[in-house]
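Structural overview
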Amino acid sequence: MEPLLDRLGRPLETLRISITDRCNFRCVYCMPKEVFGRDYAFLERTALLSFEEIARTARLFAQLGVTTVRITGGEPLVRRNVERLIAQLKEIRLAGSAGGRGLELALTTNGALLPKLAQPLKDAGLDRITVSLDSVDDATFRSLNDVDFSVERVLDGIDAAAEAGLPVKVNAVVKRGVNDGEQLVQIAERFRGTGHVLRFIEYMDVGHTNGWRLDDVVSADEIVKTIGARWPLEPAGTHRPDETAKRWRYADGAGEIGVIASVTQPFCGGCSRARLSAEGKLYTCLFGVKGHDLRGPLRLGASDEELAELLRSVWGRRTDRYSELRTAETATLPKVEMSYIGG
Ligand code: SAM
Ligand code: SF4
Ligand code: SF4
């Protein structure tokens, strides 16, 4: 099969699917309470793609070359019976793999519901999981999630995932003056030697409700320097051209960390990710302003061939490279919210 390439020659390999815009946390950098309060108009249930609609869309994407699907949100585990969706996605076979391989299935979560759901998710076919935890300092973490959720309970979720046999990565977004400096060393210490890869993410100007400022960003270089001053680090190379994280290995053999430098070292050149919102809008960049509606055609009876043609034409026209063009001015442009599109 000829790979489907966008206008900058990038293949389509990963699909991130947001399955809800709701969340049980109110992280201050993502869903600040002042905006996402009682009166916030979340998507109606009927507006959400059904599991069948999601699975059909994912099948078409797999035929066009997608090999990995990541489920996200909002908080994906607040959507009821999410494990049934995983089971449906697991049945999808990859293009060109006779008899073949299934999609690689990953999920990003805040971990709160993992003690209950880790095993059912694994049993349904989930391959790996990413848990977000920005700090192991309890007071800092409670004020970041803004619903008074303890570090301990997220760690319970991480343990439940590991016990269920899911490889775990831990994501920490770093914000200046909140969880930088010594806090970076603390969280690194907690996960060194556990086999869980900790990845630090530069704070990004997604959406327009978090009041992002360039001064809030702690650069990947600074993060690596801070941790390396405590435990020497050496570069660990990359696995794949579209890998978002730069990998570093502890010189003493206690495992590795990753840094996702989306602000200071953009990686648009290898970006092979498409994103589907919970209501079926397709975005070709995290910083997109407008999505392409797939729910309409899905519900109006479009054939598989018509839908595939639509996906091909959207990807074929793609020229996005927001992070490479970012300036202080672009940060204020209207953009889709992280809680809507899922990172
Ligand atoms: N609720 C799930 C969670 O928190 O893992 C999945 C959705 S959340 C939007 C996905 C990831 O985006 C999380 O790791 C979160 O920390 C990250 N994120 C949210 N806002 C961000 C921002 N402004 N900059 C960088 N990462 C951000
Ligand atoms: Fe919810 Fe995840 Fe956003 Fe936090 S980062 S508010 S857990 S969607
Ligand atoms: Fe991909 Fe857009 Fe992020 Fe660049 S800015 S890496 S094109 S999602």
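Now for a quick tour of the structure. These figures come from a predicted structure and were not determined experimentally.

Thoughts on the sheet that holds strand E2 (residues 68-72)
Pairing is mixed in the open sheet, where 12 strands are placed in the order E7-E8-E9-E6-E5-E4-E3-E2-E1-E10-E11-E12. Lying at the two open borders of the sheet, with one neighbouring strand each, are strand E7 (233-235) and strand E12 (292-293). Summarising the sheet, strand E3 (residues 104-109) and strand E4 (residues 128-132) pair through 4 bridges and their orientation is parallel. The partner of Ala106 across the bridge, within E4, is Arg128. On the sheet, helix H1 (residues 51-63) packs against strand E1 (14-18), strand E10 (273-276) and strand E11 (281-283) and is oriented at approximately 170° with respect to E1.

Notes on the side chain of Asp216
Looking at the element boundaries, Asp216 is found in the loop between strand E6 (197-202) and helix H7 (220-230). Note on Asp216: relative accessible area 10%, which makes it buried. Ignoring sequence-local partners within four residues, the contact set of Asp216 consists of Val174, Lys175, Arg176, Tyr203 and Gly211.

Some thoughts on the pairing of strand E9 (residues 256-260)
When a strand is regular, its side chains alternate between the sheet's two faces. Of all the 5 residues making up E9, 4 are buried; the element is thus mostly covered by neighbouring parts of the structure. As defined by bridge partners, E6 adjoins E9 across 4 bridges and the pair is classed as parallel. Across the sheet, residue Ile201 finds its bridge partner in E9, namely Ile260. In the sheet, strand E8 (residues 246-250) pairs with E9 via 4 bridges, with the strands oriented antiparallel.

Some thoughts on unusual backbone geometry
Excluding glycine, residues mostly carry a negative phi; peptide bonds, for their part, are mostly trans. Even without being glycine, Asn81 reaches a positive phi, approximately 60°. Structurally, Asn81 is set in the loop between E2 and helix H2 (82-90). Phi is positive for Asp146, which is not a glycine, with a value near 60°. Structurally, Asp146 can be placed in the loop between helix H4 (138-145) and helix H5 (151-163). Classification of Asp146 by relative accessible area gives partly exposed; the value is 26%.

Brief notes about the site of ligand 1
By nearness alone, 19 residues border ligand 1, and Tyr29, Gly74, Glu75, Ser132 and Met204 come closest of all. Between ligand 1 and the protein, one listed contact pairs a nitrogen atom with a side-chain N or O atom of Glu75 at 3.1 Å. The contact in question runs from an oxygen atom of ligand 1 to an N or O atom on the backbone of Thr109, over 3.2 Å. In isolation ligand 1 has 550 Å² of accessible area, and contact with the protein removes 94% of it. Residue composition of the shell around ligand 1, by class: 8 nonpolar, 9 polar and 2 charged.

Calculation notes
- Residues numbered from 1 in each chain as written.
- Chains lettered and ligands numbered in written order.
- Predicted model: local features only at pLDDT ≥ 70, side-chain atom pairs only at ≥ 80, totals over all residues.
- Heavy atoms only, no water.
- Pairing = 2+ DSSP bridges.
- Helix = DSSP H or I, 4+ residues; strand = E, 2+ residues; numbered from the N terminus.
- Contact = heavy atoms within 4.5 Å.
- Axes fitted to C-alpha atoms, helices over the stretch in contact; angles between N-to-C directions.
- Buried < 20%, exposed > 50% of the residue type's maximum accessible area, 1.4 Å probe, protein only.
- Near = heavy atom within 4 Å.
- Polar contact = N/O pair within 3.5 Å; in protein donor to acceptor, adjacent residues only side chain to side chain.
- Areas by Shrake-Rupley, 256 points an atom, 1.4 Å probe, with all protein chains shown as cover.
- Nonpolar A, V, L, I, M, F, W, Y, C, P; charged D, E, K, R; others polar.

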